[in-house]
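Below, each chain spelled out in residue letters.
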Amino acid sequence: MTVLTDAVVLVLGASGGLGSRIAAMLDDEGAIVVRAARRPESLSGPDAYLADLRTEQGAASLVAAALQAHGRLDGVVVAAGVVAFGPAAEVSDATLAELLEVNLVGPIRVLRDAADALAASADAGREPFVVTISGVVSESPTAGMAAYSASKAGLAAFVSATAREYRRRGIRVLDARPGHTDTGLATRAVAGSAPAFGTALDPDDVAARIVRAVVDGEKDLPSSAFTPES
Ligand SMILES: NC(=O)c1ccc[n+]([C@@H]2O[C@H](COP(=O)([O-])OP(=O)(O)OC[C@H]3O[C@@H](n4cnc5c(N)ncnc54)[C@H](OP(=O)(O)O)[C@@H]3O)[C@@H](O)[C@H]2O)c1
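Bear in mind that the values here come from a model prediction, so they are computed numbers and not experimental data.

Caption draft 1: Layout of the site of the ligand. Ser15, Gly17, Tyr148, Thr181 and Thr183 are the nearest of the 29 residues found near the ligand. Separating an oxygen atom of the ligand from a backbone N or O atom of Gly16 is a distance of 3.2 Å. Within the backbone of Thr181, an N or O atom sits 2.7 Å from an oxygen atom of the ligand. Relative to its unbound accessible surface of 900 Å², the ligand loses 95% to contact with the protein. Secondary structure elements with two or more residues in the shell around the ligand: helix H1 (17–28) and helix H4 (146–167). Partitioned by chemical class, the residues of the shell around the ligand number 12 nonpolar, 11 polar and 6 charged.

Caption draft 2: Structural context of the pairing of strand S2 (residues 32–37). Relative to S2, strand S1 (residues 8–12) is paired through 5 bridges, and the arrangement is parallel. Across the sheet, residue Val9 finds its bridge partner in S2, namely Val33. Regarding topology, H1 serves as the crossover connection from S1 to the parallel S2, and that connection is right-handed. Sheet topology note: the S2/strand S3 (residues 48–50) ladder contains 3 bridges and is parallel. Across the sheet, residue Arg35 finds its bridge partner in S3, namely Ala48.

Caption draft 3: Spatial organisation of the packing of helix H3 (residues 93–123) against H4. In the contact formed by H3 and H4, the axes pass within 8 Å of each other and the chain directions differ by 10 degrees. With respect to H4, the axis of H3 lies roughly parallel. Contact residues: H3 offers Leu96, Leu99, Leu100, Asn103, Leu104, Pro107, Ile108, Leu111, Arg112 and Ala115, while H4 offers Ala147, Tyr148, Ser151, Lys152, Gly154, Leu155, Phe158, Thr162 and Tyr166. Partitioning the contact of H3 with H4 into residue classes produces 13 nonpolar, 4 polar and 2 charged.

Procedures and definitions
- Residues numbered from 1 in each chain as written.
- Predicted model: local features only at pLDDT ≥ 70, side-chain atom pairs only at ≥ 80, totals over all residues.
- Heavy atoms only, no water.
- Near = heavy atom within 4 Å.
- Polar contact = N/O pair within 3.5 Å; in protein donor to acceptor, adjacent residues only side chain to side chain.
- Areas by Shrake-Rupley, 256 points an atom, 1.4 Å probe, with all protein chains shown as cover.
- Helix = DSSP H or I, 4+ residues; strand = E, 2+ residues; numbered from the N terminus.
- Nonpolar A, V, L, I, M, F, W, Y, C, P; charged D, E, K, R; others polar.
- Pairing = 2+ DSSP bridges.
- Right-handed = clockwise from strand over helix to strand, strands pointing away.
- Axes fitted to C-alpha atoms, helices over the stretch in contact; angles between N-to-C directions.
- Parallel < 35°, antiparallel > 145°, perpendicular 65-115°, else oblique.
- Contact = heavy atoms within 4.5 Å.

Any functional reading would require information that these geometric values do not contain.
Listed below in structure tokens is the structure:
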């Protein structure tokens, strides 16, 4: 079991449907939560920082802010992301760039830039972790969401390989792959409009399942972990 009391945890996408819930649940577990988002209007208060994951320095600046505020970093949750819909043959360069920068390159930089601080946490006897949320599309790439699926499958691949590397440094890296969840993400698509999805997962349940996995020391959260019985 991973004790979260006094663990310093950076939550990216902390203004979002999943990130805000995960951050609140980590608060309830006794963690010291450092919240991050992109837009000033979406996040404020103490221990809240803004950075755009599309910029080269965005990820590093958030890790540095957490370290400066608390002197250590024990966990990172990457709950930032964007979605787009539409036929593969019609995806624009701007949409492609945003999907890949926010969903793939940004999170890769986060994992890279947090590695030394998380390894120091392990050396100090803590149980550092990283959570990413690639979603079910990384297991089952979806027509009408080809570029989104590709950005998330790329993330899942990077995380899977990185998990094996970081394990040697005492860092647990966990990818969560829930299906469609009722956060409103689909209504904020950077391009296209959402198809008719089936029944959506409840964001409270998805966030709670992710936090439970962190506490219980789980190493992977496939889509099957988000069925109601799980
Ligand atoms: N909802 C689902 O159905 C579902 C299913 C599987 C996986 N996921 C994944 O779970 C994650 C969270 O989804 P959600 O439903 O909570 O989405 P959401 O409510 O739309 O929240 C998205 C978050 O990402 C942040 N963000 C967007 N662009 C950013 C950028 N360029 N730089 C930094 N932060 C940025 C937003 O910050 P601002 O508020 O400041 O813009 C917001 O905090 C995403 O990666 C999503 O792909 C979602």
